[in-house]
Amino acid sequence: MRKLLLTALVALSPMAFAGPECTTADKAEWQDKDQFQENLKAQGYEIKKFKVTSGNCYEIYGWNKDKQKVEIYYNPVTGAVVKEEIED
C-alpha cells in the first residue's frame, strides 16, 4: 500500500508544482523580452532571474522597489500580473 501511495504522489507531483497558464496567444503577439525587463527595472525591480515558463508566462525572481523578494508571473501579451508571491 505504501508503494502505491508513493507512486501516486510522484505521478501527481508535476501538477502540484506547475505554474499558472498565462496565455495561448502566438509568440509573435508577445512583448519583447528585453524591453519587458527594462520596463520592470524602470519601475524599481531588480531582476535576478527571468524566464519563459511552460505555461507561457514571463516569470521573474528578484526584488521589488521596496526591496522585498518577489516571484511574479506575467502575461507576456498584456503585461498583467497573473500570480505574485512576495516575501516579507
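Residues numbered from 1 in each chain as written. Predicted model: local features only at pLDDT ≥ 70, side-chain atom pairs only at ≥ 80, totals over all residues. Heavy atoms only, no water.

Enquirer: Is there a simple way to think about the overall build of the protein chain in this case?
Expert: In terms of helices and strands, the protein chain carries two helices and four strands. Starting at the N terminus, the α and β elements of the protein chain follow one another as α-α-β-β-β-β. Burial analysis of the protein chain (88 residues in total) assigns 28% to the buried set. Sequence separation of 24 or more characterises 33% of the internal contacts of the protein chain that already satisfy a separation of 6 or more. Put simply, the protein chain shows about 6,400 Å² of open surface, and 53% of that area lies on carbon and sulfur atoms. (Helix = DSSP H or I, 4+ residues; strand = E, 2+ residues; numbered from the N terminus. Buried < 20%, exposed > 50% of the residue type's maximum accessible area, 1.4 Å probe, protein only. Contact = heavy atoms within 4.5 Å. Areas by Shrake-Rupley, 256 points an atom, 1.4 Å probe, with all protein chains shown as cover.)

Enquirer: Can you help me understand the pairing of strand S4 (residues 81-86) in this one?
Expert: For a regular strand, the rule is simple: side chains alternate between the two faces of the sheet. Two elements, strand S3 (residues 69-74) and S4, share five bridges in a ladder whose sense is antiparallel. The residue of S4 that forms the bridge with Val-70 is Ile-86. The turn joining S3 and S4, which pair antiparallel and follow one another in sequence, is formed by six residues; a positive phi near 85° is taken by Gly-79. (Pairing = 2+ DSSP bridges.)

Enquirer: Even after reading the chapter, I still don't get the pairing of strand S1 (residues 46-52), so can you show me in this structure?
Expert: For S1 and strand S2 (residues 58-63), the ladder comprises six bridges, and the chain directions are antiparallel. Each residue of the ladder has a partner; that of Lys-51, found in S2, is Glu-59. Between S1 and S2, which follow one another and run antiparallel, lie five residues, and Asn-56 among them has a positive phi close to 60°.

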